[in-house]
Each structure stands twice: as structure tokens, then as C-alpha cells.
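# Summary of the model geometry
Chain residues, written in single-letter form:
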Amino acid sequence: MALPDIFLSDLLRLPLKWTTRPESPTTPADITQKGRRRHEVTLAGFIFLGITLFVMIAAINSQTNTLFMAFGLMLGGLIVSGFLSWISLRKVDIKRRLADHVVAGEPAEIQYFLSNRKRRWLCFAIRITEVKASSALAEAPDGYCLHIPAGKSAVVTTRLLAARRGAIALSDVRVSC
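Our subject in this report is the structure included herewith. (Residues numbered from 1 in each chain as written. Predicted model: local features only at pLDDT ≥ 70, side-chain atom pairs only at ≥ 80, totals over all residues. Heavy atoms only, no water.)

Moving on, we get to the nonpolar core. Core analysis: the biggest nonpolar cluster contains 15 residues, and Leu114, Ile126, Cys145 and Ile148 have the highest contact counts within it. The set of elements that each furnish at least two residues to this core consists of β1 (92-98), β2 (107-116), β3 (123-131), β5 (142-148) and β6 (153-162). (Core = buried A, V, L, I, M, F, W, Y, C linked by side-chain atoms within 4.5 Å. Buried < 20%, exposed > 50% of the residue type's maximum accessible area, 1.4 Å probe, protein only. Helix = DSSP H or I, 4+ residues; strand = E, 2+ residues; numbered from the N terminus.)

Below, the structure written as C-alpha cells:
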């Protein structure tokens, strides 16, 4: 079963209706919701943050200029990394396309259409993974896009491997850089 082609920008244009009962049967476009933006710190990020705090404490205790400089460089790198990833992932629309049917045990193609709606800033090093992929998958899709120029689109093709027969529920997509 193919998932509907939906852009996040289309969801933002949906009119709000304050009714208690649906007027017509529910379609997949009615069920979709605006994607949440959530920031997660990896284990490597926590280790880097711990080392940065250690250098800060050492710099304050010893009053050594070299340690203050090292702390400033580490903190600056952390801030620049967060800012660049935030800028890179802003205004990116994602559309998923899956084949109509998938055979259990055989790889199937899944395509992600990425659109960069920014006028001046490119997107770079974007990784796409399925979140909460059902247990029906033997191998979850995982794709990578090196760069999308401003105002352009790119297609990321990856493979999906179903472990068993039946419906496969793909709900959320994690986009990181």
C-alpha cells in the first residue's frame, strides 16, 4: 500500500474546523499532522559537553589563558554546529514514496523527495531514517543526501526489507544533519 504524497507545507495550509463529528469519511490527508521539531543529543554530544565543562572548571580554577581559549573554542564549535544544523533543516519538505506492494524477504525501493524552500541557504549532510518502524521490517530504511541547493529538490533512494507479510506501518521520519 502506498502512502499518500504529503508535504509539510500543505499541512500548514489546512483550514481548522471546530466540529465534533467528521462531515465526511476520513482520508489520509485529514489524519496527518504538522511535524514536531525535537532536538536530541547523542552520546558523543554528551561526551563532548562533559569534556567542555571539565575544561571550563579547569580554566576557572587555574586561571590559565590557554584553558580559557580552549574552552572558548569548544563552546564556539558547539554553538556553530547547533546553529548550522538548525539553519540547514529549516524549510525542508519531505515526501515519502513507497511501492504499492512489498514482498516479504525481498528488498524494495523507498524514495524520499526533499525540497529546500530556502532562498539563499543550501542544505547539506542530511540523513533520513524511519522512526518507530514496525517490527515487520528486517531492515529499516536509512538514506543520506549530501547537498541540496537553495530552491531545489533532491531524491534519496534507499531500500526497505520486510520481515513478514502484512501491513507495514511507517509513521515518523527523523531528519538530522
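Further remarks concern the environment of Ala104. The residue Ala104 is located in the loop between β1 and β2 in this model. Overall, Ala104 belongs to the partly exposed group, its relative accessible area being 33%. C-alpha of Ala104 to C-alpha of Leu161: the two residues are 57 residues apart in sequence and 7.2 Å apart in space. When sequence neighbours within four positions are dropped, the list of residues in contact with Ala104 reads Ala162, Ala163, Arg164 and Arg165. (Contact = heavy atoms within 4.5 Å.)

Per the stated rule, a full pass over the model turns up 1 aromatic pair. Ring geometry for Phe83 versus Trp86: centroids 6.1 Å apart, planes at 40 degrees, classification tilted. One end of the pair, Phe83, and the other, Trp86, are both in helix α4 (residues 65-89), 3 residues apart, so they sit about a helical turn from each other. Using a relative accessible area of 46% as the deciding quantity, one classes Phe83 as partly exposed. By relative accessible area, Trp86 is classed as partly exposed at 37%. When the ring centre of Trp86 is taken as reference, the NZ or CZ atom of Arg90 above it lies at 5.3 Å. Just above the ring of Phe113 sits the side chain of Lys95; from NZ or CZ to the centre is 5.3 Å. (Phe/Tyr/Trp six-rings, centres within 6.5 Å; stacked < 30°, edge-to-face > 60°. Lys NZ or Arg CZ within 6 Å of the ring centre and 35° of its normal.)

The next point concerns the sheet that holds β6. An order of β1-β2-β6-β4 is seen for the 4 strands of this open sheet, with the pairing classed as antiparallel. Among the strands making up the open sheet, the edge pair consists of β1 and β4 (137-139). If you compare each strand with its neighbour and ignore which way they point, the axes differ by 40 degrees on average. Sheet analysis places β1 next to β2, joined by 7 bridges and oriented antiparallel. Paired with Val92 across the strands is Asn116, a residue of β2. (Pairing = 2+ DSSP bridges. Axes fitted to C-alpha atoms, helices over the stretch in contact; angles between N-to-C directions.)

All right, on to a nonpolar patch on the surface then. Taken together, the side chains of Val41, Phe46, Phe48, Leu49, Leu53, Leu75, Leu78 and Ile79 present a nonpolar region at the surface, about 690 Å² in accessible area. For the nonpolar patch, the secondary structure elements donating two or more residues are α3 (43-62) and α4. Counting residues per element, the nonpolar patch draws most heavily on α3, which supplies 4 residues. Structurally, Leu53 can be placed in helix α3. When its relative accessible area of 41% is taken as the criterion, Leu53 is described as partly exposed. (Patch = residues over 30% accessible without salt bridge, like charges linked within 9 Å, V, L, I, M, F, W, Y side chains within 5 Å. Areas by Shrake-Rupley, 256 points an atom, 1.4 Å probe, with all protein chains shown as cover. Salt bridge = Lys/Arg side-chain N within 4 Å of Asp/Glu carboxyl O.)

Moving on, we get to the sheet that holds β5. One open sheet accounts for 3 strands, arranged β5-β3-β7; its pairing is antiparallel. Strands with a single pairing partner mark the edges of an open sheet, and in this sheet they are β5 and β7 (172-176). The average undirected angle you get between the axes of adjacent strands in this sheet is 25 degrees. Strand direction decides the pairing type here: β3 and β7, joined by 5 bridges, are antiparallel. When the sheet's bridge partners are listed, Ile128 is paired in β7 with Val175.

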